[in-house]
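Each chain, letter by letter, is given below.
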Amino acid sequence: MESISCPTTPRWNQDRPFLTGRFHQETRASSKFADSKSSSGGDQAIGCYDTPVQELIVIDDLLSALVGIEGRYISIKRFHGKEDSIAFQVDPSMDLALQELAKRIFPLCECFLLIDQFVESSSQFKNGLVNHAFAAALRALLLDYQAMVAQLEHQFRLGRLSIQGLWFYCQPMMGSMRALAAVIQQASAKHFVGSGVLNLLQSQAKAMAGDNSVRSLLEKMTECASNAYLSILERWVYEGIIDDPYGEFFIAENRSLKKESLSQDSTAKYWSQRYSLKDTIPGFLANIAATILTTGKYLNVMRECGHNVQVPISERSKLTIFGSNHHYLECIKAAHEFSSIELVGLIKDKYDLIGRLRSLKHYLLLDQGDFLVHFMDIAREELNKKVHEISVEKLQSLLDLALRTTAAAADPRHEDLTCCVDRASLLTTLGMHKDSDSNSIEDPVSITGLETFSLSYKVQWPLSIVISKKALSKYQLIFRFLFHCKHVERQLCGAWQIHQGIRSMNSNGTAIRRSSLLCRSMLKFISSLLHYLTFEVLEPNWHVMHDRLQSARSVDEVIQHHDFFLDKCLRGCLLLLPDVLKKMEKLKSVCLQYAAATQWLISSSIDVNNQSHSQKTMIRDATVTESIFNFEREFNSELPSLGPVLSKGSQAEPYLTHLSQWILGVSKE
């Protein structure tokens, strides 16, 4: 977060206090009353005068004290170490009745000093716009207060004001000034700015519900102080701009996060953290803070796209927080609806979000697999290499060739596809592989491109808000699982073709027939798995997401539906179920080992059938039969054990019931 830099208060504001009124609050080395005691030629103690004369002197001093000026017999004392602690003192020789009346008025004098001091200090730049506006409202109130004191002084000069009359006229202001002084003391002690000041004013106004005049005054102060805050809010909800010079707004902007990071950051921080809510939110905006945040975010996205879209002038209204109809809430909701519809329309229509998602479905979810078949044929040699030996550039050129020579060439978006090769297997990437697992099916040294190959997709702003790096990584996990399943199916199909090629030979009583049945079971297993992944998981969930996106009214809804689709596909494709996925990987490993050995097994069986039954051929026949039996035993032991795991998981994940039925059907054949 960037630090807020504020202009400094001019030095003359401190060096020349008589320009600002600070001289009222300066602590004097000694008061006039103290001086009168030490100087024989000065004023006499007030007790030397008759009571009527004392009353006139006290009224004159009280009128000065009401505006923060010491009198001849009333002094100001500031307690050391407590800036806000101020007290008025009287000459102890004063008539006791006059002292009591004077002390009743002193709280009003002290409140004036506190408020006046707050006005001076809060007018500095560093205290922010809310404090500036609050101080301006207080300054206007103090002008009315000083006008009242001037009128009282005028009455005193005319001889029409007694000390009882002064107390009578001061009482109406006492409650209001005390309430304001209490607010100021809390705000100063806790260094409140922005939302803190508004919340404090509102809470005090509610606390004064029994005193209508004080409550009305505090509500008026809140309204005045909030005007500056609402000006910032208006620019955000109407233009998507944060105009917050002193960092008071409840929405923080992280300028270090750029929109380009969406295609690189796997956590997709930009959308959630570029603009975020602070802890201090005004109470009157707390329930609608999230709506305010997204409203400005949507407008900001459109501006980043080069579309200077703003809420139409005709639909804008001045935001005010007071009134029985809560008009400001209606204005914010209207601005939110406008920005939501505009941005969704922009992403769907101009940037063709649905088309992009359909393209991802074609290529990464293997909806159109003709290009993949061609690619796996021409890239077989490169994909069979160890991970560190693979040339990504060569794979990319082969992918481009496959795309240009298949139906994918008609899709202009095929140029956004790129190759990438991970350094770890799928289980390791998902955090399911442990080095200490003695039954691990992964040998890091033997990992080839077939286990680590994936496709990536170039996504430009603003579609990267929806198809972020985080979302794309989920597509890639699904692709890697599907791609490897396709590879296993191709290898088993090759093994099946070898078996079909020797059908004309009399293979009765040999290991070939047993191997053919095993190959058919394996092929049925992997075909059932692919059918489940495609038609039970990906296709239904895609159509649900597509229908939801058509009715989405905001980008956040679009992101939510898209993320829900990916998460459901990940779980449906078994990638979030460690026990099931490990079983599947083990079964695929057995299938691949068998398919790789098929050529040798078949040729050995044929040689055995064509040769005489010598001791050497008999040993070879036994070896071939034993090898096929071992593959059959391992496959038939792993496959049934998958059924209970799927049945157990189907209680929490009902869709596994379909896969369990398929698998159990294969195991019973």
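This report concerns the structure included in the present document. Being a predicted model, the structure only gives us computed values, none of them experimental.

### A closer look at the pattern of salt bridges
Turning to step 1, where the next piece is worked out: Evaluated as defined, the whole model comprises 20 salt bridges.
Turning to step 2, where the next piece is worked out: Put simply, Glu253 and Arg255 hold a salt bridge, and the shortest N to O gap is 3.5 Å.
Turning to step 3, where the next piece is worked out: Accessibility expressed as a relative area gives 16% for Glu253, which makes it buried.
Turning to step 4, where the next piece is worked out: Judged by relative accessible area, Arg255 falls into the partly exposed class, the value being 40%.
Turning to step 5, where the next piece is worked out: For the salt bridge of Lys394 with Glu382, the shortest nitrogen-to-oxygen distance reads 3.6 Å. Taken together, the positions of Lys394 in helix α15 (residues 392-404) and Glu382 in helix α14 (residues 380-383) put the pair 12 residues apart, joining distant regions of the chain.
Turning to step 6, where the next piece is worked out: Its relative accessible area of 40% is what places Lys394 among the partly exposed residues.
Turning to step 7, where the next piece is worked out: Each of Asp60, Glu153 and Arg157 takes part in one network of salt bridges that share partners.

### Re the packing of helix α4 (residues 96-122) against helix α5 (residues 128-157)
Turning to step 1, where the next piece is worked out: As a packed pair, α4 and α5 sit with axes 9 Å apart at the nearest point and diverge in direction by 140°. In terms of axis orientation, α4 runs oblique to α5. Every pair of crossing elements has a handedness; the one defined by α4 and α5 is left-handed. Residues Leu108, Phe112, Ile115, Asp116, Phe118, Val119 and Ser122 of α4 form the contact with α5, whose participating residues are Asn131, His132, Phe134, Ala135, Leu138, Arg139, Leu142, Tyr145 and Gln146.
Turning to step 2, where the next piece is worked out: Counted by class, the contact of α4 with α5 contains 10 nonpolar, 4 polar and 2 charged residues.

### Structural notes on the packing of aromatic side chains
Aromatic rings considered in pairs are described by the distance between their centres and by the relative angle of their planes.
Turning to step 1, where the next piece is worked out: Scanning the model with the defined rule gives 17 aromatic pairs in all.
Turning to step 2, where the next piece is worked out: When the ring of Phe249 is compared with that of Phe250, the centres are 4.9 Å apart and the planes differ by 50°; the resulting orientation is tilted. The pair formed by Phe249 and Phe250 is uniform in burial state, with each residue classed as buried.
Turning to step 3, where the next piece is worked out: Taken together, a centroid distance of 5.2 Å and an interplanar angle of 50° make the contact between Phe453 and Phe483 tilted. Taken together, the residues span a long stretch of sequence, with Phe453 in strand β6 (residues 453-457) and Phe483 in helix α18 (residues 469-501) at a distance of 30 residues. Take Phe453 and Phe483: they sit in the same class, and that class is buried.
Turning to step 4, where the next piece is worked out: Clustering of aromatic rings is evident, with ring pairs tying together Phe375, Phe453, Phe479 and Phe483.

Scoring rules and cut-offs
Starting afresh in each chain, residues are numbered from 1 along the sequence in its written order. Owing to the predicted nature of the model, reporting of local features is limited to residues with pLDDT of at least 70; listing and counting of side-chain atom pairs is limited to 80 or more, with chain, interface and lining totals taken over all residues. Side-chain metrics rest on all non-hydrogen atoms present in the structure, leaving aside hydrogens and water. Put simply, a salt bridge is a Lys or Arg side-chain nitrogen that is within 4 Å of an Asp or Glu carboxyl oxygen. Classification of residues uses two cut-offs on accessible area relative to the type maximum, computed with a 1.4 Å probe and protein chains only: under 20% is buried, over 50% is exposed, and between them is partly exposed. Each helix corresponds to a stretch of at least 4 residues labelled H or I by DSSP, and each strand to a stretch of at least 2 residues labelled E; elements are numbered beginning at the N terminus. Note on definitions: angles span 0 to 180 degrees between N-to-C directions of axes, and those axes are lines fitted to C-alpha atoms, for helices only across the stretch in contact. Oblique is the label for every angle not falling under 35 degrees (roughly parallel), over 145 degrees (roughly antiparallel), or within 65 to 115 degrees (roughly perpendicular). Each crossing is labelled by how the near helix is turned from the far one, with a counterclockwise turn of less than a right angle marking it left-handed and a clockwise turn marking it right-handed. In this analysis, two residues are considered to be in contact whenever any of their non-hydrogen atoms come within 4.5 Å of each other. Polar here means any residue outside two lists: the nonpolar Ala, Val, Leu, Ile, Met, Phe, Trp, Tyr, Cys and Pro, and the charged Asp, Glu, Lys and Arg; Gly therefore counts as polar. Classification of ring pairs rests on two measures: the distance between centres of Phe, Tyr or Trp rings, Trp counted by its six-membered ring, which must be within 6.5 Å, and the angle between planes, read as stacked under 30 degrees, edge-to-face over 60 and tilted in between.

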